[in-house]
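What follows is each chain in one-letter form.
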Amino acid sequence: MAIVLLAMLGVTIQGDGLIWADAMDAQQKGITIPADGEYTIWFWAQDGAGWVSSAAGEAEIPNDEKSGGKFTWRTIGAVPLTAGTVKVTFTKPDKVAAVSGSRDPNFDPAKAMQAMRVFDQPQPSGDMRGEIDRGTNTLFFMTPFEDLKAWESYAEGLRRRFLVACGLYPLPERTPLNAKVYDAIEHPDYIIEKAYFEAHPGLLVTGNIYRPVGNGPFPAVICPHGHWETGRLEDGERGSVPARCITMARMGMVVFSYDMVGYNDSCQLKHDFGMPDTDRGELALWGLHPFSVQLWSSIRALDFMETLPYVDPNKLNCTGASGGGTQTFALNAVDQRVKVSAPVNMISHSMQGGCVCENAPIIRFNASNMEVGALAAPRPMMMVSATGDWTRETPNFEYPAIRGIYDLYDAADRVANVHIDASHNYNQDSREAVYRFFGKWILGEEAKYANFTEPAYTLEPEENLRNFPDGTPPAEYPGYEQLLTEIVDATRAKWAAQLPANSGDYLAFRSFAKPALADIIAAQLPCENSVTSTTISTHNTDRYSVEGVLLSHDAASAIPALVFRPADNQPTGAVVIVHGDGKAVLADAPSGGPGDYLRQLMDAGKVVITADPFRIGENATKRRSTAYPDTFLPTDTACRIQDVMAALIHARRVIPDGIPVDLVGLGDAGIWCLFAGALDEGVRSTAIDANSFDVDSDAAWVAGPYMPCIRAIGDAATGAALYGHRALHVFNGGNGWDAALAPYTAVSGRAAGDVLHEGEPSAKSMMDVL
């Protein structure tokens, strides 16, 4: 019954001499009595509800012979109450849903509910999004694609989403690498050197170069190492990074073996910075996390390879195992310079990565590592799998799925799978499979390397390979706090340069920024046929009719909404109005009808739709707890924005074509509606209550309308600028709104005072601007 009790009104409503509260809140938090007086007390309950007790006394909740076992309103009569907070206790709380009271003896709570609720029973809406079990250990299936065009359209979006997720959209400036290559150790057939460079000013990428003897130019392979205990220095039966690098150098390739964040010489950031994974907080707003730092480091590693005089810049390649395999296919996804790759023991339909460095926010909303791995197509790729880990089914599942994408390019011969009978590894058998593949596709010598085996090698002492053996970089490089602050500042400045300065910039900005915003929200503007509606209830009065509907834009969503129509049924437009506390607060409970906003809009001839987005009001539901939730599922805020967009689609459906649709967001819903209206260009005018929200505060974004990466793409400034010449009005703005609205006023030509309005909105002030 707990879920049902959560799905009542979701709020406590008070009016002049009115009490209205969820039964659970009444027990846990108490009921606020607004003034001394005699109140007629009502309970929304089933027969056999037992007794209620409080400091005011106790009474038996009566049965209702006509209820038929349903929840109905029944009264215990008038009770004298004193102003203050009163806690109540129910002997059978599962049979009581809500409590109401009024000093007006004629108050009818059943009538009042008609303007508050879709359902006449305390039942969940049926929205199943909170129950979606989607995480790193979910069993995924490859997305089907009809043809190459369908795949490439999808692939373009997935590549962009990776960049957005990592604060790399657009790519940052390629700042000077300031590389240092030194302390060469010369062997007869290869050379090892220490090396480091700056991926971002002050952010060091550290490692070793293994290269052939001679001037080249040689092909290059960058080698992210994965979660071995000793990182790039690991040398054991399950995996040896030095063996791989030495052998490839002997084969004629330059190899850069570099540290993952927090390993060995990469000591400015901890490997798990930004944890815990269930609340990444403020850094995630900027797309800043271990995955993003490692991806940008890999991109800059390719830049570094291009600077070396003995490297052929047209032959850059990559291989790594486990977490290094994740880095390999992530780099493949966003950088076409990788010509040949070998992600080892990682592309799986059943495990997507067990570390924060493999689970960036938003990257797997509509993809698993199979689709990500397939972004390599049609470039040659070797998939090495093992019988003893999560790649055990690769020959039968992941490999055929990815080969299907290569088939679309008529390039199935460019992808291969070798299945090794071993536990999780990059062991000698796995390495030899990669050597042979690289011999064919990188060196162009298939016959020479067809049966190649790894020769014996000599392991260098650790001190010969380490850049900073004491675990401390040179003093001139920034520490943790300074480094992260500088990266955030650079990301902020980078996006500020993208914001439109005038109307001439708008179209280019819209084409660039709107897809990124949609990526973060996982939003799709539903077409009319993709939003379904089911009528649950109807009520008619002399002045208006109200229809209770359930809206759905996918298989899991179920959004309770009320559609209010003026009695003359000659609408001049439609308005979707959403309140952060739910649609119930827009009712005038004491009078048993719609509140001021709804009445004034209907008096102006508007059809009005109120809705309860995800986990609000009648749509209240619990959400399943999973690891890395931001990676696999949209946040609550993102779901609510999509729900507002579904309500807008329904608004167009219930009015004649050509009549305008407007949008109003109140309370916390102001921010949701700002972004919904930005994405839905069919909205004529949007008016939001900013609710004193501080748009410049990372803490406010985390505590309120949290969406990872939103600040990396300009947050409210981008949302507002996307309105272009459409009308936008912001009431009750907090800190930072003047600057956030400046790009919009520059594009629209409207004066700032006509956009940003002081004070909290009222029904009249909203009507004046719509």
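Up top you'll find the structure we're talking about.
Everything numeric here is computed off the predicted structure, so don't read it as measured data. (Residues numbered from 1 in each chain as written. Predicted model: local features only at pLDDT ≥ 70, side-chain atom pairs only at ≥ 80, totals over all residues. Heavy atoms only, no water.)

What follows is about the side chain of E358. Assignment of secondary structure puts E358 in the loop between β17 (338–344) and α9 (369–374). Lacking a salt bridge, the buried E358 has R364 as its closest oppositely charged neighbour, with an N-O distance of 6.3 Å. Separated by 3.3 Å, the side chain of E358 and the backbone nitrogen of G354 make a polar contact. Not counting residues within four places of it along the chain, the set of residues in contact with E358 comprises H227, F291, S322, G323, T326, M346, Q352, G353, I363 and R364. (Helix = DSSP H or I, 4+ residues; strand = E, 2+ residues; numbered from the N terminus. Buried < 20%, exposed > 50% of the residue type's maximum accessible area, 1.4 Å probe, protein only. Lys, Arg positive; Asp, Glu negative; His and termini not counted. Salt bridge = Lys/Arg side-chain N within 4 Å of Asp/Glu carboxyl O. Polar contact = N/O pair within 3.5 Å; in protein donor to acceptor, adjacent residues only side chain to side chain. Contact = heavy atoms within 4.5 Å.)

For residues besides glycine, phi is generally negative; the peptide bonds are generally trans as well. With an omega dihedral of -5 degrees, the bond running from Y169 to P170 counts as a cis peptide bond. Relative to the assigned elements, P170 resides in the loop between α4 (148–165) and β11 (180–186). Cis rather than trans, the peptide bond between G216 and P217 has omega equal to 5 degrees. Inspection of the secondary structure assignment puts P217 in the loop between β13 (203–211) and β14 (218–224). Located in the positive-phi region is N345, a residue other than glycine, with phi close to 55 degrees. Phi is positive for I362, close to 70 degrees, though the residue is something other than glycine. You can see I362 is positioned in the loop between β17 and α9.

Within the secondary structure, G323 sits in helix α8 (residues 323–334). Judged by relative accessible area, G323 falls into the buried class, the value being 1%. Taking C-alpha positions, G323 is 9.1 Å from N345, a pair spaced 22 residues apart along the chain. If we skip the residues at most four places from it in the chain, G323 touches G226, H227, M346 and E358.

Applying the stated criterion across every chain yields a total of 41 salt bridges. Of the charged contacts, one joins R466 and D265 as a salt bridge, the two residues approaching to 2.6 Å between their closest N and O atoms. Of this pair, R466 sits in the loop between α13 (462–465) and α14 (480–496) while D265 sits in the loop between β15 (254–258) and α6 (282–285), and the two are 201 residues apart along the sequence. You can call R466 buried: its relative accessible area is 8%. Judged by relative accessible area, D265 falls into the buried class, the value being 1%. One salt bridge connects D636 with R615, and the closest N-O pair in it is separated by 2.8 Å. With D636 in helix α18 (residues 636–653) and R615 in the loop between β26 (606–611) and α17 (629–632), this pair connects stretches of sequence that are 21 residues apart.

Our next topic: the state of the cysteines. For the structure shown, the criterion picks out zero disulfides. The cysteine C267 is free of any disulfide, with C357 supplying the nearest cysteine sulfur at 17 Å. Between C709, a cysteine without a disulfide, and C166, which holds the nearest cysteine sulfur, the sulfur-to-sulfur distance is 7.6 Å. (Disulfide = S-S within 2.5 Å.)

This brings us to helix α16 (residues 596–603). Considered for burial, the residues of α16 that qualify are Y597, L598, L601 and M602. Along the long axis of α16, the arc covered by the buried residues comes to 120 degrees, so they all point the same way. (Arc of directions from axis to C-beta.)

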